[in-house]
Each structure stands twice: as structure tokens, then as C-alpha cells.
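Breakdown of the fold
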Amino acid sequence: MENIVDVLIVGSGVSGLYCALNLDEKLNVLVVSKSNLKNTNTYLAQGGISTARNNNDIELFIEDTLKAGQHKNKIDSVSILANESIENIDELIKLGVDFDKENDSILYTKEGAHSINRIVHTKDNTGESVARTLINRVLERKNITVYEDTFLADIIKDKNSCIGAILIKDNEQINVFAKSIVLATGGIGGLFNNSTNQEILNGDGLAIAIKNNVKLKDINYIQIHPTAFYEEGKSGKRLLISEAVRGEGAKLLDINGNRFVDELLPRDIVSKTILKKMKEDKSLYVYLDVTFMEDEFIQNRFPSIYKECLKRGTDITKEYIKVSPAQHYFMGGIEVDLNSKTSMDNLYAVGETSCTGVHGANRLASNSLLEGLVFSKRCAKHINSNIESININTREIININKSVKEITKENQEIVIKAIRKECGDNYDELLNCR
Ligand code: SIN
């Protein structure tokens, strides 16, 4: 089967969908998801989205992002992130996201390493409400077609230009030719024994970049979240206990009930301190305590966390929550410029699979959805301005004769090998972290 579109977007997280919505409505756009539209890390995001509170906060927001990132960030990207934050939050509101408010004013929460409260949220399921809104808007758009359960097997190249992609749907190969191709294929949590990510995310976009000599950047920068719910014997996908819980005052305690760390330090420092404490105490977890908060506040502010913990046997209004660190986010990825363009012509990357350099070595809390918004919109604008001048020649594509399972296995091996090479022994530590 063969298809010709103007723009092909692979991935249905915040950056894939928001990019689609910001493309010119005259363009014929295909969005593909390897699972269903909701099976994304965006959908799981709890805490919220950071934003400069106003123009006076931009400098401080930049400073916080750089400090958390160990000053390994790309300054231009950070500046864009902060400067374009407010307009993108406003656009989300226009699209229909109903952020939490009090007396008609938006409520801002705090998370680690933010100097002030600057995180907009919808209780503890911000990602879900953003995803639902974007999915609804995408499905309303006449120029956007969506294919679910469609796997990206490879891109199609013509010298150093990307001219399409080979997809597999229902075991059938579909060759799609497009003037612009956007990889929004998400993170790599599926490669770890413990991760807060969706298990299907194992770096397909990165593997394809490696196979096609597209440049990567900072692939040793992998973030460990300090507080995933601890369940004996459980590995794979772990329940996240949002940093916003600490932002609202939750305390971390060792197994003897003593505080041992400032809960709102940057995420990498808190995770390291917890892992050290667990080692010292020969324990598989530490505690997160919210029992001193009003029951009504907990159930109203963190309804999903409350319910999910209860399902797992912990009433967080009465008992400490057992938590341990787990892989959470990938700061590195496919290297892109300030318009999300990769080193290959007509090929873009957005969201967690990309590396804009904005996060440096450690992402500031709640900057991931914001990066997805800001840089996918820039990507869409760049495509809108350049697509008319692009001509592609379609050609016959041979059948790749491999199953999704075989390609997935091959992709995982390629990505693990590349990351291991950059991380050295540190990767094994990360792989097993808990
Ligand atoms: C969280 O809610 O702790 C996660 C937010 C983030 O990844 O920045």
C-alpha cells in the first residue's frame, strides 16, 4: 500500500498532537501511533506544566532550568522555552484545557528546584487532561488523519533528505511519502527494569536515527525520578508519586522515620540521596509522608495518586507511602536545532525523542510538557513556512520482510548498545535502579 501526504507525524504524545494542530490546515497530515492515542508518557504526566508566571519571571525561570540542568543546557533553547511558555499555556487553555483555579485565577504549584510556584496543573492528572483535549481537537480536524496500532519500521531517504517512512499496520507494509516527517516517538523507559514510563516506549525513533546516521546528542543524560511507588517484587512500569506531592509539603523519611534530605532539591540530587540512604539502611525503599495533611486536601488535590495507592493497599491519608527511585525521563535524543530540525533534511524530531539541549544533564520538574509544546509549535511553523519549496520523488520500496517484533528487538539492542557506550557502567546501575 502507498500513501502520499504533506506531513507525517509519528507519535501521539503532546508534541506530536500539538505539532499537528499548529500545522497549516491546508496541509494533508497523517499522525500515526504505534499503540492507541492515549498510550503515551504525556497521558501519565501528573505534576503539571511549568511556565513563567509573567515577563518578570522569565529570567528566574531560565536560571532555575540551568541550575537544575547542571549548566549543561543549551542557553538559546532555554531562553526560547521560558520566553514562549506563557503563549503556549494560553493556547492550551484556548484549545480547552481547564487548569485548576481558585476564584477564576490559575493556581500554580511548586516542584523541586523551582524558586517560586510556577506549575499549572489539573489536579494530579495534568497529562491526561492535556492529552484528552489535544486528541479531541485533532480528531475534529478535517486535514488530519490518524492511524493507530501502526508501527514505524524505517524512514525512506533520498540522499540526505527524508522523503517518507515505512509503516507496518496489521502485518501489512504501508509506504508513506511525505514532504516533512516528524518523529515524536517518545522516551526510552521500556528499556529499563524500573521506569515510570509506558512500557511500549523503547526508543524506536532513536534506533531509526542511528540506523540512518542522523545525529544524536547527550544520550548519557537519563533522569531517575526519586519517588515511584514501591511494591515488593514489582518491576517494569512503576506508579509515579508526583513531585508535586513534595511541592505541596510531603516529607521524605528513612525507614526509621527520620528526614534525611531537602525534598525540593533538584531531582537528580534527591534521587541520589535516596539511593545512598537505601544502601546505608539496607532497605528497598524510603517513605513519603503526607499523613499530616488534611484528608480532604489529599483526596481533592491528588485524587489519582490517592486511589492508585489505595488499590495497592496503602491509604496515604493514614500510612507512609513506600517509594524508591525509577527511570523517568531521557534528556538526550535526536539532536535538533531551534526549529526541531534534525541533521537530515525534511526530518524533524520533537518531545522526548529529541534533544533540544533545553534540559541539560537533569530536567527541571514539569519542563517536559512545556518543551513538547514550545518546540513542536516551532517545528510546525518551520514546516508551514518551508513546505511549498519541497518536492519529493516517490519510488518503489522493497518489502522489508520483518515483523514488528523482530524490528522492535533489533531497535532495543541498537539503542541499549549506543547508550551503554556513552554511559559505561553507569548504565547497569541505571537499568536496575530501585
Ligand atoms: C511528576 O509529577 O513528578 C513528574 C513531573 C515531571 O516529570 O516533570
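Refer to the structure above for everything that follows.
Before going into details, it helps to say that this report is about the structure given with it.

Criteria and thresholds
- Residues numbered from 1 in each chain as written.
- Predicted model: local features only at pLDDT ≥ 70, side-chain atom pairs only at ≥ 80, totals over all residues.
- Heavy atoms only, no water.
- Helix = DSSP H or I, 4+ residues; strand = E, 2+ residues; numbered from the N terminus.
- Expected span 1.5 Å × (residues − 1).
- Buried < 20%, exposed > 50% of the residue type's maximum accessible area, 1.4 Å probe, protein only.
- Core = buried A, V, L, I, M, F, W, Y, C linked by side-chain atoms within 4.5 Å.
- Contact = heavy atoms within 4.5 Å.
- Near = heavy atom within 4 Å.
- Polar contact = N/O pair within 3.5 Å; in protein donor to acceptor, adjacent residues only side chain to side chain.
- Areas by Shrake-Rupley, 256 points an atom, 1.4 Å probe, with all protein chains shown as cover.
- Nonpolar A, V, L, I, M, F, W, Y, C, P; charged D, E, K, R; others polar.

1. Examining helix H6 (residues 126-140)
The end-to-end C-alpha separation of H6 is 22 Å, in line with the 21 Å expected for 15 residues at 1.5 Å each. By the burial criterion, the buried members of H6 are Thr126, Gly127, Ser129, Val130, Ala131, Thr133, Leu134, Ile135 and Val138.

2. Side note on the nonpolar core
Ranked by internal contacts, the top residues of the largest apolar core, which has 52 residues, are Ile9, Ile49 and Leu92. Where this core is concerned, the elements lending two or more residues are strand S1 (2-10), helix H1 (14-22), strand S2 (29-32), helix H3 (58-68), helix H4 (75-83), helix H5 (85-95), H6 and helix H12 (368-386). The element best represented in this core is H12, accounting for 8 residues. Excluding its chain neighbours within four sequence positions, the residues that come into contact with isoleucine 9 are Gly16, Cys19, Ala20, Leu23, Val29, Leu30, Val31, Val32, Val182 and Ala184. Among the nonpolar cores identified, the runner-up in size contains 38 residues, and Val10, Ile174, Ala207 and Phe330 belong to it.

3. A short note on unusual backbone geometry
The phi angle at serine 366 is positive, at roughly 65 degrees, despite the residue not being glycine. Secondary-structure assignment places serine 366 in the loop between strand S20 (354-355) and H12.

4. Brief notes about the environment of isoleucine 222
Mapped onto the fold, isoleucine 222 is located in strand S13 (residues 222-229). Exposure remark for isoleucine 222: the relative accessible area of 9% places this residue in the buried category. Distance in space between the C-alpha atoms of isoleucine 222 and aspartate 268 is 9.6 Å, their sequence separation being 46 residues. Those residues in contact with isoleucine 222 that sit more than four places away from it in its chain are Ile188, Phe192, Gln327, Tyr329, Phe330, Met331, Ile419, Cys423 and Leu430.

5. A word on the site of the ligand
Contacts to the ligand come from Gln46, Gly47, Glu111, His225, Leu240, Ser242, Glu243, Arg267, His328, Arg363, Ala365 and Ser366. Within the backbone of glutamate 243, one N or O atom sits 2.6 Å away from an oxygen atom of the ligand. Note that an oxygen atom of the ligand is positioned 3.0 Å from one of the side-chain N or O atoms of arginine 267. If the ligand stood free it would expose 260 Å²; the protein chains cover 95% of that surface. Per-class residue counts for the shell around the ligand are 2 nonpolar, 6 polar and 4 charged.

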